[in-house]
Amino acid sequence: MKKILLSFIIAMIWIGSVCAEMVTVTGHAPIINNNIAEARNKAVKDALHQALMQTGASVSYEQEVSNGALTRDNFKIKSSSRIKSYNIISQEQKPDYITVTVKADIISGSGTCSSAHSKSITPVKFFYDDGQLGESQRGLYKINNEITNQFYSRMLQNDKIFDTKRWIDSNFKLDLRSIKGSELNRNSRQQLIHLAKRLDTQYIMIGSIRDISFVGDDNVFTSIFGDPDRNISFSVFLINGYSGDVIFAKNYQGIAKWDVKEGTDVKSSSFWKSSYGKTINQMISNATADITREIQCQKVNARIIRIDRNEYYINAGENNKIKVGDHFSVALNNNFNDVNGQHRIASTRLKNDFVVSRVFDNTAILKSAKGVADTNIQIGDLATSHN
């Protein structure tokens, strides 16, 4: 009798800690060697991966990539969620790839990390490290643009985590050299804060092409030993647009056979089906997962952009999954740069609670939960969601 009672209590605790959620997601996969069945399976797998990500799973990759294949694969999804069932509700086949749309029934456990809101992020065009612009003229013209666009496309698919802004085809003359360290100099920090304000974004993602050189003999196009090896290495930086802090920085690297025909456009499907293109594609997927893990549980930060008596407008709204009744706190912005150029955080959080009263696409209106206006709040102060 005691064993039965204990099992019943455990079952009740487990049931109380989970909740079901229906998620509709889209997955993609290239068709390789005309193998449609394999491409379809990979597209479904990609869709289910997106489903777990949308329910707050933490994803990490530890992989080595060579010639578009994984030589070491430690792919981990840290989640107490599980996929109970799924249905393929549509499938579209193009000459080079398959797209499937899947509706999945996800059972989420209490251990998942889940934020109720998506965070705004703007990818900024990757730049070239010293010497790599010249290397790009050897079959990789504008590869920095295409890598940036690939990041943008992946983030756009995961709208539960990202409110993705259109990627910016400019570096705005940033002093990008200082981003290579964990600390930014004063000018770079201020540049990034002003850029984030101009782009109306919480996060900026930017990267650098570090190495796209050929391995060994420079005379690669006349090599008699077959396809040469070529490096691919890029770094990714994630910047908090409100503080100017670099909150994530990581380098990704691989080597693949350069089996790309001369004159192939880096935007073409033939490029991305090559060994070299598949290697880059895998690295971009790894980096996107790392960025997702970094910000998926972060709270939404938004600026006070207008004050109308006891109503406080913020630059976040339905696009960030904000709803009427959501709670925010407000911090007065007293940040400054000291005599040594170091940025100092000196904001003061108000004790009052603020509640969302109205929501628009990219704007929401907060009111004090006490119904009394706070005369200390000014335009530019920071509002932070409670979850």
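The coordinates are above.
Per chain, the residues get numbers from 1 upward, laid out in the order the sequence is written. Reporting of local features is limited, given that this is a predicted model, to residues whose pLDDT is at least 70; pairs of side-chain atoms are given and counted only at 80 or more, and all residues count toward the totals for whole chains, interfaces and linings. Calculated side-chain values reflect all of the structure's heavy atoms, with hydrogen atoms and water omitted.

> Tell me about the environment of E318, residues and numbers included.
For E318, the position within the fold is in the loop between β13 (311-314) and β14 (327-332). Each C-alpha atom, one on E318 and one on S118, is 9.5 Å from the other, the two residues being 200 residues apart in sequence. We call two residues contacting when some pair of their heavy atoms lies within 4.5 Å. Ignoring sequence-local partners within four residues, the contact set of E318 consists of V359, F360 and D361. By definition, any uninterrupted DSSP run of H or I lasting at least four residues is a helix, any uninterrupted run of E lasting at least two residues is a strand, and each is numbered from the N terminus.

> Which residues make up the side chain of E146, and what are the values?
Positionally, E146 belongs in helix α4 (residues 143-157). Residues in contact with E146, not counting those within four places in the same chain, are V266, K267 and W272.

> Describe α4, listing the residues and the values that go with them.
Under the 1.5 Å per step criterion, the end-to-end length of α4 is 22 Å for 15 residues, consistent within 8% with the ideal 21 Å. With a 1.4 Å probe rolled over the protein chains alone, any residue whose accessible area is under 20% of its type maximum counts as buried; one over 50% counts as exposed, and the rest are partly exposed. Counting buried residues along α4, 12 of its 15 residues qualify, which places the element largely inside the surrounding structure. Among the residues of α4, those classed as buried are I143, N144, N145, E146, I147, T148, N149, Q150, F151, Y152, R154 and M155. Helix span, as expected, comes to 1.5 Å for every residue beyond the first.

> Any chance you could break down the pattern of salt bridges for me, citing the residues and the numbers?
Here a salt bridge means any side-chain nitrogen of Lys or Arg lying within 4 Å of a carboxyl oxygen belonging to Asp or Glu. Counted by the stated rule, this structure contains 11 salt bridges. The salt bridge partner of D163 is K165, with a shortest N-O separation of 3.9 Å. Between D229 and K257 there is a salt bridge, with its nearest N and O atoms 3.3 Å apart. On the criterion of sequence distance, the pair formed by D229 in strand β10 (residues 229-240) and K257 in strand β11 (residues 246-257) is long-range, its members being 28 residues apart. The class of K257 is partly exposed, set by a relative accessible area of 34%. Connected through shared salt-bridge partners, K250, D290 and R293 make up one network.

So far we have only geometry, and geometry alone does not tell us how the molecule works.
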